[in-house]
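Fold and geometry: a report
So the chains spell out like this:
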Amino acid sequence: MAERPKKKSWAEPFKIKMVEPIKMTTRDHRQECIKEAGYNTFLLKSKDVYIDLLTDSGTSAMSDNQWAGMMLGDEAYAGSENFYHLEEAIRKHYGYKWIVPTHQGRAAEHIISQLMIKKGDYIPGNMYFTTTRLHQELAGGNFVDVIIDEAHDPTNEHPFKANIDLQKLEDLIKKVGANKIPYAAIATAVNMAGGQPLSLENLRQVRSLTQKYGIPIIHDATRVAENAYLIKEREPGCQDKTISQIVHEICDLTDGCTMSAKKDCLVNIGGFLAVNDEELYKKAQNMVVIYEGLHTYGGMAGRDMEAVARGLAESVDFEHIKARVGQVKYLGEKLLGWDIPIIIPIGTHGVFLDAKRFLPHIDQDNFPAQALAAEIYVESGVRSMERGNVSAGRDAKTGKNRRPNLELVRLTIPRRVYTQAHMDVTAEAVLEVFDNRKRVKGLRFTYEPEYLRFFQARFEPAS
Ligand code: F0G
């Protein structure tokens, strides 16, 4: 007789109404594909991928409710009904007053950076995100990382690794002066740290410090509901709050947000900028017409805005978010059980392999995380993404690779797309590579683009 289970199983809180077949390929074929893609998983064709864990961005499955909303797209150039529904949803769930729709998150980053940053300014943030930092730099600003040191240590078990080091923040304000700091850029569920959450307590402290100096906070709300779930789980005094209440509390402590709706909001495309300052809103409204489209669609079709509005409401549902973050935890715990080095605590939207400990024989300038992502693909058809030295880019002053402490491969889980069985297969694929890790070789560039090089760079094996 089989052994009785020690704990109760859990299952996805949805059933599947429509399926999309996926295909397993041969190792020989994948070997060809990765070579052709210059050992960059961004350059693979999706038809050659078995389980696609490249990103959780725009890859989620929409609900029947969202698809029904798509049919109600009011495709008017101006004043679409769906815009007003979106505006209402953002006001209700996040609480920000003024909304400018954009086609995705980086467009909102572009607008806010151009409007608020002057040449020579400093923008403190809790670890960089690739597009966010680039837009700050293109506007003439300097990004300064003020996240707690624990965030840069993949083995540190701090429950809120997205927290801001108040000392670092105040030191910066004193050094450069508050008038050189247009805003603090605070992200929830910090992506590059491994999907690590920010605590409410820390955000309150950041709020009172920045308020003292008259510095506003712009919130990267891309994964705010996922952060709220981990606050509910981990932060003392928050267990009885709803996800919705916590999300509201976070947003209330900030002055505006940039949003990639392609993550938390469960859509394939969309985003927005939301602010409380009416003057700033008017300027953003004026700018969106140059780069995105009219201020009541900003690069989205009416149906897309409807799907965002509905997805946003679904994102703060407890059963949804518990299963979403729970699935990430399920995969992470499997890998931890086999002593595979991953970032701990397990974060919100993916499991992050620590390539420095996984492949200690490869120097960081031969891009161990890039090589590991390529190897996992060849082994199994599972596509992941590098988040290390390639993503970090070169230091603008020295021209050298930044060699960040975190050299990671992200196995990112799309929302509501894969089952626990896919997670089992993924875990076993990573284990297979781990058992044969000594065979993996480093890489060197054959082509290096100027901006956001990780997207289009090409490599070859370093001899
Ligand atoms: N901020 C965060 C925290 C993000 O993760 C992303 C995108 C953006 C902003 C930019 O939004 O893609 O809609 O323009 N992250 C994706 C990822 C690309 O794979 O992590 P976007």
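Residues numbered from 1 in each chain as written. Predicted model: local features only at pLDDT ≥ 70, side-chain atom pairs only at ≥ 80, totals over all residues. Heavy atoms only, no water.

A closer look at the pattern of salt bridges
What counts is decided by this rule: What makes a salt bridge here is a side-chain nitrogen of Lys or Arg within 4 Å of a carboxyl oxygen of Asp or Glu, nothing more. Only DSSP runs of H or I covering at least 4 residues are called helices, and only runs of E covering at least 2 are called strands; the numbering of each starts at the N terminus. Per-residue accessibility, obtained with a 1.4 Å probe over protein chains only, is compared with the maximum for each type, and a residue is labelled buried under 20%, exposed over 50%, and partly exposed between these values.
The final tally for this structure, using the stated rule, is 30 salt bridges. Salt-bridge contacts for R204 lead to E249; the nearest nitrogen and oxygen are separated by 3.1 Å. With R204 in helix 7 (residues 200-212) and E249 in helix 9 (residues 243-252), this pair connects stretches of sequence that are 45 residues apart. With a relative accessible area of 40%, R204 lands in the partly exposed category. Here the salt bridges do not stand alone but share partners, grouping D56, R223, E226, R324 and R415 into one network.

What to know about the environment of I376
Counted only if it meets this: By the convention used here, residues are in contact when the closest approach between their heavy atoms is within 4.5 Å.
Tracing the backbone through its elements, the reader meets I376 in helix 14 (residues 368-380). Taking C-alpha positions, I376 is 6.5 Å from V430, a pair spaced 54 residues apart along the chain. I376 has contacts with L353, G381, V382, V409, V430 and V433, leaving out every residue within four places of it along the chain.

Digging into the domain arrangement of the protein
The criterion, for reference: As used throughout, domain bounds are those supplied by an automatic or database domain assignment. Summed over both partners, the accessible surface that disappears when two parts come together, traced with a 1.4 Å probe, is what is meant by buried area. We call two N or O atoms a polar contact when they sit within 3.5 Å, provided that within protein one can donate a hydrogen and the other can accept it, with sequence-adjacent residues counted only if both atoms are side-chain atoms. Ten residue types, Ala, Val, Leu, Ile, Met, Phe, Trp, Tyr, Cys and Pro, are classed as nonpolar, four, Asp, Glu, Lys and Arg, as charged, and the remainder, Gly among them, as polar.
Here the protein is described as being made up of domain 1 (27-56 + 318-461) and domain 2 (64-315). Domain 1 and domain 2 are separated by 26 Å when their C-alpha centres are compared. Contacts between the two partners involve 33 residues from domain 1, matched on the other side by 44 residues from domain 2. Interface of domain 1 and domain 2: buried area, both sides summed, is about 2,900 Å²; carbon and sulfur atoms make up 60% of it. The interface formed by domain 1 and domain 2 holds five salt bridges in total. For R416, the salt bridge is made with E314, and the minimal N-O distance between the two is 3.0 Å. Between domain 1 and domain 2 we count 15 residue pairs in polar contact (both at pLDDT 80 or more) in total. For the side of domain 1 that touches domain 2, the secondary-structure elements that each account for two or more residues are helix 12 (318-337), strand 9 (350-354), helix 15 (389-392) and strand 12 (408-412). Per element, the largest residue contribution to the side of domain 1 that touches domain 2 is seven residues, and it comes from helix 12. Of the residues contributing to the side of domain 1 that touches domain 2, the split by class is 16 nonpolar, six polar and 11 charged.

Comments concerning the layout of surface pockets
By rolling a water-sized probe across the atoms, one finds the places where empty space is left. Threshold: Method remark: on a 1 Å grid restricted to protein atoms, a set of points is classed as a cavity if a 1.4 Å probe fits but cannot get out and as a pocket if it is open with protein on both sides within 12 Å along at least five of seven lines; lining residues have an atom within 4 Å of a point. Grid points are joined across faces, edges and corners, and a volume is the space filled by probe spheres set on the points.
Of the voids in this model, the largest pocket is the one considered here, and its volume is about 1,300 Å³. Along the walls of the largest pocket sit 34 residues, with M18, E20, A61, R416 and V417 positioned nearest its centre. Residue assignment for the lining of the largest pocket shows that the elements contributing at least two residues are helix 2 (64-70) and helix 12. A domain-level breakdown of the lining of the largest pocket finds at least three residues from each of domain 1 (27-56 + 318-461) and domain 2 (64-315). Empty space within the second largest pocket amounts to approximately 1,100 Å³. What lines the second largest pocket is a set of 36 residues, and nearest its centre among them are R133, E137, A392, R394 and R402.

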